[in-house]
Amino acid sequence: MMPGQIAKFGNSAAQFLLGGLAALRSFGNGEKDRPAVGGDSRQDIELRDAVKQWREVFEHNPVMYFMVDPAGTVLNVNTFGAAQLGYTTAELIGQSVLNVFFEEDHDTVRRSVALCLDTLDQSHTWEIRKIRKDGSVLWVRENAKAMLRGDGTPILLVACENITQRKEAEDALRRSEANLAGAQELSHTGSFVWRVATGEIIWSKESSRIFQFDELTKPSIQLLLERIHPGDRAAAQQKAFQAAHEGKDFENEYRLLLPDGSTKYLHSVARATRDANGSIEYVGSTADITAAKEAERKLRESEQRFRDYAETASDWFWETGPDHRITLIAEHPDTAGTVPSGVIGMARWDIAPEVELEPEKWQQHRATLDAHLPFRDLVYRTKDNNGCPIYVRTSGKPFFDATGDFLGYRGVCTDVTAAIRAEQAEEALRKAQAELTHVTRVTTLGELTASIAHEITQPLAAAISNADACIGWLDREPADLKAARRSAEWIIEDANRASEVIRRIRALAKKTEIEVAPLDINQVVMEAMALVRRELATHAVSARMELASDLPRICGDRIQLQQVLINLVMNGIEAMQANVDRPRELAIRSSRADEDGDARLLLTVTDRGVGLGKDVTDRIFTPFFTTKSDGLGMGLSICRSIIEAHAGRLSAFPNDGGGATFQIALPLPDKDTP
Ligand code: ADP
């Protein structure tokens, strides 16, 4: 067979090899058949040349050639082939061809060999990895064919082409495609190409997943538009086509209405490029932003919720920077116009004109701010938009960045002018009431002048007579010092009694502020009665005291309660002035009453005077109601407000047998006050 004939096997390396090997084989056979006569025939010489040529080709062709027997033993390999695998030919010949394959590929190799042997003279091609001597990988494309040798035994001829580089490139491409697909899947972002002129759309797997189409569905503008929410469809279409018309990039946010009725939010960005023909082609991406939208919606909702809370609880919000200067004022729509304009950039202490009036309050506030501590209910005076003074109550909390650096304060403000004014009015009213109580008390004291004078003159007179006696004892011969001393001691007692009366009157006359202390009510009664003793005597009124022993102490103001009692007694005395056939008797009783678990202390003043007609009982406690020509009509109304200030009740009843009873009921502490 001639080299020229061999060429007709074709261009493939394996075919070339097979042709060559066939030549070698026939040469071998020829040698065997050659007659053993001396001298080479011309045919022999040509044949030897051909073999030599083929051996050259076999050895140096940059293709790996293997000749393998049916058992897989390497019968021959070219130097290039062995070198590619890092071996010498001698190292491979006689070894199992499996040695140059990965363990896990051995079955594949065996199957491939078997296939070739089953299909003699048919060539087969496959791609497979081989292991170099140094353990590295070599990818090859093998072209193999089994054929029968002259002796009838099959042989496998294999030509391999190194495709490692291509495989690596393919691998890298596959990896990068897989990475891209992975990244698209993870970021819910699909990519696409839109060829405007043909309407063709090519998109990634993730794009089809986002639009909920199966991978095989070929996307089209029509199909996509159908998926877009009807509310966004026209706008999305208009935007894309307008951009395509102008050859510009575009970006779009829209919703999908999916077959299951759910909604998805998408954001598409498309960059305009031109293809080889100059036609517009968009390359872009579509991100599924549903989760972000949902989070944004929730954030807005929660922000709105807190805003609602804050708005209902306050009139405006504010924010200050790290230097405590105002950076933001957000007014509640209902109170808009209250906040003075131009406060941005000012510090709180610059807005409040009272800083100098209340330096301590502001120093303390500054210290709180400098310590970056929250503060609550700071009330200060400032001016509203019209320059009118207003009172503002504010609370604030410091805020910090992620690294803990102080950024400023956030807080709320409320206009508390009305409340403060009401408080001030209430305070003024309370003061006026206290003044009035005081005035009435002093008036009563004026009425008691005679009694008071008597209370004082009596011990003074006693002191004088005791002093006389004392001198008498001293004048004796010898002086009776013991008796004189006793008289002097009595003088001291008399003087003390007088000064005690003066002390009590002073207290009654001077005091305006309420002072609550635990009191023995019986003692309060006795002290008050001491002051009216003379008044009773002058008006021929006998007073009977029925004071319960072991009464718990009550909490109250001694002087004010005495004032009430004196008032009631004086009224009682006056009510009995006209008594002719009835005795002028006054009974003062103290007792404890327990009703429905409600323990109260009762103090009653009962007279036998004119009594209370139905029409009068309802009105006696109203201010300025009086039936007396010189009456003021304030006594009972003040008495009632004093008792109510003690959480008690003052009531009046007509007595069965004539006269009136006034009852003071005071609450007892849950546990008896010691
Ligand atoms: P004033 O004594 O200046 O009139 P009060 O407020 O103390 O003022 O009393 C109001 C009125 O209540 C008296 O004018 C009188 O009509 C009636 N009143 C008060 N105490 C008694 C009493 N013990 N018996 C009958 N009426 C009384």
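Bear in mind the structure is a predicted one, so any value in this text is a computation, not a measurement. (Residues numbered from 1 in each chain as written. Predicted model: local features only at pLDDT ≥ 70, side-chain atom pairs only at ≥ 80, totals over all residues. Heavy atoms only, no water.)

### Some remarks on the overall build of the protein
Of the regular secondary structure elements, the protein holds 20 helices and 22 strands. Against the 2.2 N^0.38 benchmark of 26 Å for 674 residues, the protein shows a C-alpha radius of gyration of 60 Å, more extended than a compact globule. Each principal axis of the C-alpha atoms in the protein carries an extent, and together these give about 200 × 75 × 55 Å. The buried share among the 674 residues of the protein stands at 39%. Across the protein, the fraction of contacts at a sequence separation of at least 24, relative to all contacts at a separation of at least 6, is 53%. As displayed, the protein offers around 38200 Å² of accessible surface, 53% of which is attributable to carbon and sulfur atoms. (Helix = DSSP H or I, 4+ residues; strand = E, 2+ residues; numbered from the N terminus. Rg over C-alpha atoms; globule rule 2.2 N^0.38 Å. Buried < 20%, exposed > 50% of the residue type's maximum accessible area, 1.4 Å probe, protein only. Contact = heavy atoms within 4.5 Å. Areas by Shrake-Rupley, 256 points an atom, 1.4 Å probe, with all protein chains shown as cover.)

### Some remarks on the pairing of strand β10 (residues 280-288)
The element β10 is largely enclosed, with a buried count of seven among its nine residues. Across seven bridges, strand β6 (residues 189-195) lies against β10 in antiparallel orientation. Across the sheet, residue T189 finds its bridge partner in β10, namely A287. Strand direction decides the pairing type here: strand β9 (residues 263-274) and β10, joined by nine bridges, are antiparallel. For T273, the partnering residue across the bridge sits in β10 and is E281. (Pairing = 2+ DSSP bridges.)

### Side note on the site of the ligand
By nearness alone, 19 residues border the ligand, and D607, T626, T627, K628 and L636 come closest of all. Here an oxygen atom of the ligand sits 3.0 Å away from a polar atom, N or O, in the side chain of N571. Take L636: an N or O atom from its main chain is 2.8 Å from an oxygen atom of the ligand. Isolated, the ligand exposes 530 Å² of accessible area, and the fraction of that covered by the protein chains is 92%. Judged by the proximity of its atoms to the pocket grid, the ligand belongs to the largest pocket. (Near = heavy atom within 4 Å. Polar contact = N/O pair within 3.5 Å; in protein donor to acceptor, adjacent residues only side chain to side chain. 1 Å grid on protein atoms, 1.4 Å probe; cavity = no way out; pocket = protein on both sides within 12 Å on 5 of 7 lines; lining within 4 Å. Sits in = over half its atoms within 2 Å of the grid points.)

### Considerations on the packing of aromatic side chains
Evaluation of the coordinates by the stated rule reveals 12 aromatic pairs. Ring plane angle 10 degrees and centroid distance 6.2 Å describe the contact between W318 and F375, whose orientation is recorded as stacked. On the criterion of sequence distance, the pair formed by W318 in strand β11 (residues 316-320) and F375 in strand β13 (residues 375-383) is long-range, its members being 57 residues apart. Of the two residues examined, W318 and F375, each falls in the buried class. Through a chain of ring-to-ring contacts, the aromatic side chains of W318, F375, F400, F406 and Y409 assemble into a single cluster. The ring centre of F102 lies 4.2 Å from the NZ or CZ of R129, which sits over that ring. Stacked on the ring of F399, the Lys or Arg R410 has its end atom at 3.8 Å from the ring centre. (Phe/Tyr/Trp six-rings, centres within 6.5 Å; stacked < 30°, edge-to-face > 60°. Lys NZ or Arg CZ within 6 Å of the ring centre and 35° of its normal.)

### Some thoughts on empty space enclosed by the protein
Tallying each qualifying case throughout the model produces seven cavities of 30 Å³ or more. Reported here for the largest cavity is a volume of approximately 340 Å³. Taken together, 18 residues make up the lining of the largest cavity; nearest its centre are I221, L224, A240, F250 and Y254. Among the elements of the structure, β6, β7 (200-203), α9 (221-227), α10 (230-246) and β8 (250-257) are those that each provide at least two residues to the lining of the largest cavity. Ranked by residues supplied to the lining of the largest cavity, first place goes to α10 with four residues. Here the residues of the lining of the largest cavity are counted per class, giving 14 nonpolar, four polar and no charged. Roughly 150 Å³ of internal volume is contained in the second largest cavity. (Points joined across faces, edges and corners; volume = space filled by probe spheres on them. Nonpolar A, V, L, I, M, F, W, Y, C, P; charged D, E, K, R; others polar.)

### Structural notes on the nonpolar core
Formed by 53 residues in total, the largest nonpolar core has its most connected members in F662 and I664. It is helix α18 (residues 558-575) that contributes the most residues to this core, nine residues altogether. Those residues within four positions of F662 in sequence are excluded, and the remaining contacts are L568, L603, T604, V605, L612, I620, F621, L636, S651 and A652. (Core = buried A, V, L, I, M, F, W, Y, C linked by side-chain atoms within 4.5 Å.)

### Some points on the sheet that holds strand β21 (residues 649-654)
The strands making up a sheet associate through backbone hydrogen bonding, with each pair oriented either parallel or antiparallel. Strand order in the open sheet formed by five strands is β17-β19-β20-β22-β21, with mixed pairing between adjacent strands. Edge positions in the sheet fall to β17 (542-547) and β21, since each of these pairs with one other strand and no more. Going from strand to strand, the sheet's axes swing by 20 degrees on average, the running direction of each strand aside. By the bridge criterion, seven bridges tie strand β20 (residues 598-607) to strand β22 (residues 660-667) in an arrangement that is antiparallel. When the bridges of β22 are listed, L603 appears paired with I664. Running at roughly 175 degrees to β17, helix α17 (residues 521-538) makes contact with β17, β19 (585-595), β20 and β22 of the sheet. Each of β21 and β22 touches helix α20 (residues 635-645); the most contacted strand, β21, lies at about 135 degrees to it. (Axes fitted to C-alpha atoms, helices over the stretch in contact; angles between N-to-C directions.)

### Quick word on the pattern of salt bridges
Per the counting criterion, the structure on display carries 37 salt bridges. One salt bridge connects R297 with E294, and the closest N-O pair in it is separated by 2.5 Å. Of this pair, R297 and E294 both sit in helix α11 (residues 290-313), three residues apart, which is roughly one turn of the helix. The salt bridge partner of R589 is E546, with a shortest N-O separation of 2.8 Å. (Salt bridge = Lys/Arg side-chain N within 4 Å of Asp/Glu carboxyl O.)

### Focus on the pairing of β22
When you tally the buried positions in β22, you get seven out of eight residues, the bulk of the element. In the sheet, β21 pairs with β22 via six bridges, with the strands oriented antiparallel. When the sheet's bridge partners are listed, F653 is paired in β22 with T661.

### Observations regarding unusual backbone geometry
A cis amide bond links E477 with the next residue in sequence, P478, at an omega value of -5 degrees. One non-glycine residue, Q212, lies in the positive phi region at around 55 degrees. Within the secondary structure layout, Q212 lies in the loop between α8 (205-210) and α9. Classification of Q212 by relative accessible area gives partly exposed; the value is 37%.

### Side note on the side chain of N78
Its location among the elements puts N78 in the loop between β2 (74-77) and α4 (79-84). Owing to a relative accessible area of 0%, N78 belongs among the buried residues under this scheme. Here V63 takes part through its backbone oxygen, which lies 2.6 Å from a polar atom of the side chain of N78. The contact partners of N78, leaving out residues within four places of it in the chain, are F58, E59, N61, V63, M64, Y65 and T89.

### Let's talk about helix α6 (residues 106-118)
Spanning 13 residues, α6 covers 18 Å between terminal C-alpha atoms, matching the ideal 18 Å at 1.5 Å per step. Taken residue by residue, α6 has H106, V109, S112, V113 and C116 as its buried positions. One side of α6 holds all its buried residues, which, seen down the axis, span an arc of 125 degrees. Exposed residues lying more than 90 degrees from the buried face of α6 are R111 and D118. Tucked inside the fold, the buried residues of α6 contact β3 (123-131), β4 (137-148) and β5 (154-162). (Expected span 1.5 Å × (residues − 1). Arc of directions from axis to C-beta.)

These results come straight from atomic positions and should not be treated as a statement about function.
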